[in-house]
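Single-letter residue listing:
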Amino acid sequence: MEVAVRVEDVSFQYANEQTYALQNISFQVYKGEWVTIVGHNGSGKSTLAKLLIGLLPPTSGTIHVCGIPLSEETIWDVREQLGIVFQNPDNQFVGTTVQDDVAFGLENRGIQKEEMKKRINEALKKVRMEDFIHHEPHRLSGGQKQRVAIASAIALQPNVIILDEATSMLDPSGKKEVLHVMQSLRREHDMTVISITHDLNEVAKADRVIVMNKGKIVLEGTPAHIFSYGEKLEEMGLDLPFSLQLSRRLKSNGIPMTADHLTMEGLVSELWTLYSAMSNIVTK
Amino acid sequence: MDIVFRDVEHRYQINTPFEKRALYDIHVDIRSGSYVAVIGHTGSGKSTLLQHFNGLLQPTKGTAHLGDYTIVAGKKEKQLKPLRKKVGIVFQFPEHQLFEETVEKDICFGPMNFGMSEQEAKARVGEWLALVGLPEEVRHKSPFALSGGQMRRVAIAGVLAMEPEVLVLDEPTAGLDPRGRKEMMDMFANLQRQKKMTIVLVTHSMEEAARYADDIIIMHRGTIVRRGTPEQIFRNVDDLIHLGLDVPETVLFQRAIEQKFGIQFPEPCLTIEDVERSLQTLFTRVKRI
Amino acid sequence: MNGMIIGKYVPGDSLIHRLDPRTKLLLMFIYVFIVFLANNGWTYGILTLFTCLLLFLSRIPFSFMMRGLKPVLWVIVFTFFLHVLLTKEGHIVFQWLGIEVYDKAIQQGAFISLRFLLLIVVTTLLTLTTTPIEVTDGMESLLSPLKKWNVPVHELALMMSISLRFIPTLMEETEKIMKAQTARGVDFSSGPLQERMKAMTALLVPLFISAFKRAEELAVAMEVRGYRGSQNRTKWRELTWGRIDTAFMLFIGLLAIALWLLRS
């Protein structure tokens, strides 16, 4: 598999601070993969995001994006590979209207007008914001603004999309909108996504999850694998899916569950099996 | 202090071409000392409603009784300061209102505006810090040097310091991580119990409402569409889904079990403990037969 | 500021709306000068006719314009009376309680008030039919020759458009902070000076802090989308100069000549 982002032994220390914000971080993200980096506030995940997009240089270690080693000289080339959606919907909306905002990045790249028009329309269609093309930002909801931010990113045809806590300031319906759009983008366009979050739903959607705590990677694997470390995650201040929490509680109450269920359907059907088995024994 | 609204309506920019009716037919009864959750989508009018609780907005029709205060539409109430002392509002992202050089000064700002002496206020900062679970060390720090979660606690301490009888909270956990959210919600529940405060929580989270509130008010397009205890509200799941609202996972799970097993639990399960208990009963019953 | 319409944009698709913003800016600029050429009935007549024609072509309802003029009406009336009372030329029309009013004074007062009125109508018309961003684009294009002398025209225009973009956001934010502080017992509308100063601090400090934070985040967002100044940059909003624009420029040129010839 082709590697999209390679982080090797990266550490980072803020000036004036004793401890390392990041310590010996190594991981890879493959092309077409959705990787979620999760951790509570202060776990180092935001610092990692800043390093990935070249806002901070690592104290030691290297970062490669699509084969390009990230350094001060290559920063603009690296950023051409990346599309980034930040946390605050207002503070990344540059244009006075939706179309101007999507156009902004294209203008910077020196794209010709005809091509710009095509890409703006396509990008807005992909995030289902084509009906809002002339809208001003203050007439949009948070979720809509974030969808425009996604459109602005994909119009530049990046290889990797980074969602830097892109849903954390949104209401539940805004969160859903953004996640839906990202999922359909991935289904249709085979995009590489790195999402940095503490939102449980974003964790469950990932192909692979990286859990950070105190500046280190503590767990890595599929969502199911990660969630199997139940208590450890709770100790780190993270949530567990409801079905999983309940499976564990039932087990400790002496109901003989065979698995920790990640989905409600799974849990309900195992309970039904157990229940009917038990009542059968009794009636026999 | 009881809060009673009768037929309250609010229109923004009244008598202009931009006039917009944000609230109508609002009848509210909030008992002193109760914990009420107001739920609704963005734009359902819940923010407009909460600003009526301390007279930041006044009804354009109807009457709002707030303890000894009666605010009648059309009569501009001038002396609202005593009311604002009694009803503290913690707005969304309250850390954005911090402005003083030290945490201590910022917390004292509210109470001193309401006439407390500087000495007394300062003497009590420790107590208020403890209420929101902040260590004494932060007292002389700049609020802007703290983490996001701590800043929010400072801002909340600044409102609690006014010693309000009613605490209105607008999405107090927005943007916090799961642990921060839980700590914050437990803190408010404690305040209600220990200080006998009335709490009005405006939230998107059905889980929070189900777990903490005594009463739930559901708003939709500018008016109240449902009200009742969590048990009453969550008994009718389809109704909530119809209104486009989320349903707590506990209730969804209960419904899935009820359908699969062809049974009916006597009460809606509002917390994971409720679910656990109901299943426990179900399974012990089979064992006993 | 209720009722003021200058600075408000009224969406539309009229001839005036569709004019190139550069045309409109130049038109206004020239108009401001040639207004001062008028000094008699003929010239004022032509000027008024021209202005009414613009208003008609813009499809902005006359009543809407009149409502917008209300706030400045008293200034116009005041100007008129000032001239009537202070100018002492020509014949006395009437005398009352020792006040003498001359015919020239009435004429001059009327002309000057009219000039004032026309200027306001035309500038208001510009903002009513042109979005702020179009004005910015127009300015950028008109000022671009200044780049030769190292005037950062592109940067200034970008600053303008970003400011325009953030005005509503900051207004909303101001309102939010005022409400939060009011809930903490601040009184923004009355009280002794010292308390009001404190109230302003409680508003301005959070506002500045958030504005700086916004600026920082916005700069990052712009940078990651490849913004590196005006070099090699294309433009999405291209201004197109049409035949109608040339026609309007010719028209105002003719107007200027006519005024020059007809003035006394």
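As the structure is a computational prediction, the values presented were derived from the model and not from experiment. (Residues numbered from 1 in each chain as written. Chains lettered and ligands numbered in written order. Predicted model: local features only at pLDDT ≥ 70, side-chain atom pairs only at ≥ 80, totals over all residues. Heavy atoms only, no water.)

Undergrad: Go over the domain arrangement of chain A, please, and point to the residues and values.
TA: Residues and elements named next belong to chain A. Assigned domains of chain A: these are domain 1 (3–240) and domain 2 (241–284). The gap between the C-alpha centroids of domain 1 and domain 2 is 37 Å. Across the boundary between the two partners, domain 1 contributes ten residues, which contact six residues of domain 2. The interface formed by domain 1 and domain 2 includes one salt bridge. As a salt-bridge pair, Arg248 and Glu231 come within 3.2 Å of each other at their nearest N and O atoms. At the junction of domain 1 and domain 2, the tally comes to four residue pairs in polar contact (both at pLDDT 80 or more). At the level of secondary structure, the elements contributing two or more residues to the side of domain 1 that touches domain 2 comprise α8 (223–227) and α9 (230–235). (Domains from an automatic or database assignment. Contact = heavy atoms within 4.5 Å. Salt bridge = Lys/Arg side-chain N within 4 Å of Asp/Glu carboxyl O. Polar contact = N/O pair within 3.5 Å; in protein donor to acceptor, adjacent residues only side chain to side chain. Helix = DSSP H or I, 4+ residues; strand = E, 2+ residues; numbered from the N terminus.)

Undergrad: Residue-level account of the sheet that holds strand β5 (residues 68–69) of chain A, with values.
TA: All names here are of chain A. Read from one edge of the open sheet, four strands run β2-β1-β4-β5, paired in antiparallel fashion. Among the strands making up the open sheet, the edge pair consists of β2 (22–30) and β5. When strand β1 (residues 3–12) meets β2, the two strands line up antiparallel, connected through six bridges. For Val7, the partnering residue across the bridge sits in β2 and is Phe27. (Pairing = 2+ DSSP bridges.)

Undergrad: Break down the UniProt feature "domain: ABC transporter" (unreviewed entry) in chain B for me, with residues and values.
TA: In the UniProt entry, the feature "domain: ABC transporter" (unreviewed entry) is given for residues 3–246 of chain B. Along residues 3–246 of chain B, the helical share is 35% and the strand share 26%, with 27 Å between the first and last C-alpha atoms. (UniProt positions renumbered as here; feature names shortened; annotations may be inferred.)

Undergrad: Would you mind going over the domain arrangement of chain B in detail, with residue names and values included?
TA: Residues and elements named next belong to chain B. According to the domain assignment, chain B consists of domain 1 (32–56 + 78–230) and domain 2 (248–289). Distance from the C-alpha centre of domain 1 to the C-alpha centre of domain 2: 35 Å. Taken residue by residue, the interface counts five residues in domain 1 and six residues in domain 2. Summing both sides of the interface, domain 1 and domain 2 together bury roughly 490 Å²; the carbon and sulfur share of this comes to 61%. A per-residue breakdown of the area domain 1 buries against domain 2 is headed by Glu207, Ala210 and Arg211, which together make up 73% of the total. There are one salt bridge connecting domain 1 and domain 2. In this structure, Arg211 and Glu273 form a salt bridge, with 3.3 Å as the shortest nitrogen-oxygen distance. Applying the counting rule to domain 1 against domain 2 returns two residue pairs in polar contact (both at pLDDT 80 or more). Ranked by the residues each element gives to the side of domain 1 that touches domain 2, the list is headed by helix α7 (residues 206–212), at four residues. (Buried area = accessible area lost by both parts, 1.4 Å probe.)

Undergrad: Lay out the interface of chain A and chain C with the relevant residues and their values.
TA: Taken together, the contacts link 36 residues of chain A with 29 residues of chain C. For the pair chain A and chain C, the summed buried area comes to about 3,000 Å², and 55% of that belongs to carbon and sulfur atoms. Inspection of the region where chain A meets chain C yields five salt bridges. Arg233 of chain C serves as the salt-bridge partner of Glu107 of chain A, at 3.0 Å between the closest nitrogen and oxygen. In this assembly, chain A and chain C are joined by 17 residue pairs in polar contact (both at pLDDT 80 or more). Of all the secondary-structure elements, those providing two or more residues to the side of chain A that touches chain C are α2 (75–81), α3 (98–108) and α4 (113–126) of chain A. Take the side of chain A that touches chain C: its biggest share by element is nine residues, from α3 of chain A. Residue classes in the side of chain A that touches chain C are distributed as 15 nonpolar, 13 polar and eight charged. (Nonpolar A, V, L, I, M, F, W, Y, C, P; charged D, E, K, R; others polar.)

Undergrad: If you had to explain the packing of α3 of chain A against helix α5 (residues 142–154) of chain A to someone new, which residues and values would you point to?
TA: All names here are of chain A. Following both chains from N to C, one finds α3 and α5 inclined at 35°, their axes separated by 8 Å at the closest point. When you trace α3 past α5, the crossing you get is right-handed. Residues Val98, Asp101 and Val102 of α3 form the contact with α5, whose participating residues are Val148, Ala151 and Ser152. (Axes fitted to C-alpha atoms, helices over the stretch in contact; angles between N-to-C directions. Left-handed = near helix turned anticlockwise from the far one by under 90°.)

Undergrad: Kindly report on the sheet that holds strand β7 (residues 166–170) of chain B, identifying the contributing residues and their values.
TA: Residues and elements named next belong to chain B. As summarised here, the arrangement of the six strands in space is β6-β7-β8-β3-β9-β10, forming an open sheet in which the pairing is mixed. The open sheet has two edge strands, β6 (87–90) and β10 (223–228), and neither has a second partner. Mean inter-strand twist for the sheet, computed between neighbouring axes without regard to direction, equals 15°. In this structure, strand β9 (residues 215–220) lies alongside β10, joined through five bridges in antiparallel fashion. For Ile218, the partnering residue across the bridge sits in β10 and is Arg226. Strands in contact with helix α5 (residues 148–160) are β6 and β7; relative to β6, the strand with the most contacts, it is inclined by about 170°. Running over the sheet, helix α6 (residues 178–195) touches β3 (35–39), β7 and β8 (198–203) and is turned about 140° from β3.

Undergrad: Tell me about the pattern of salt bridges, and please be specific about residues and values.
TA: In total, this model carries 50 salt bridges over all chains according to the counting rule given. Across the pair Arg79 of chain A and Glu223 of chain C runs a salt bridge, and its minimum N-O distance is 2.8 Å. A residue pair is termed interchain when its members come from two chains, as with Arg79 of chain A in helix α2 and Glu223 of chain C in helix α8 (residues 193–224). You can call Arg79 of chain A buried: its relative accessible area is 3%. On the accessibility criterion, Glu223 of chain C (32% relative accessible area) is partly exposed. In this structure, Glu95 of chain B engages Arg152 of chain B in a salt bridge whose closest nitrogen and oxygen atoms are separated by 3.1 Å. Taken together, the residues Glu95 of chain B in the loop between β6 and α3 (103–113) and Arg152 of chain B in helix α5 connect sequence positions 57 residues apart. This pair shows no difference in class: Glu95 of chain B is buried, exactly as Arg152 of chain B is. The network of salt bridges with shared partners includes Glu231, Arg248, Lys251 and Asp260 of chain A. (Buried < 20%, exposed > 50% of the residue type's maximum accessible area, 1.4 Å probe, protein only.)

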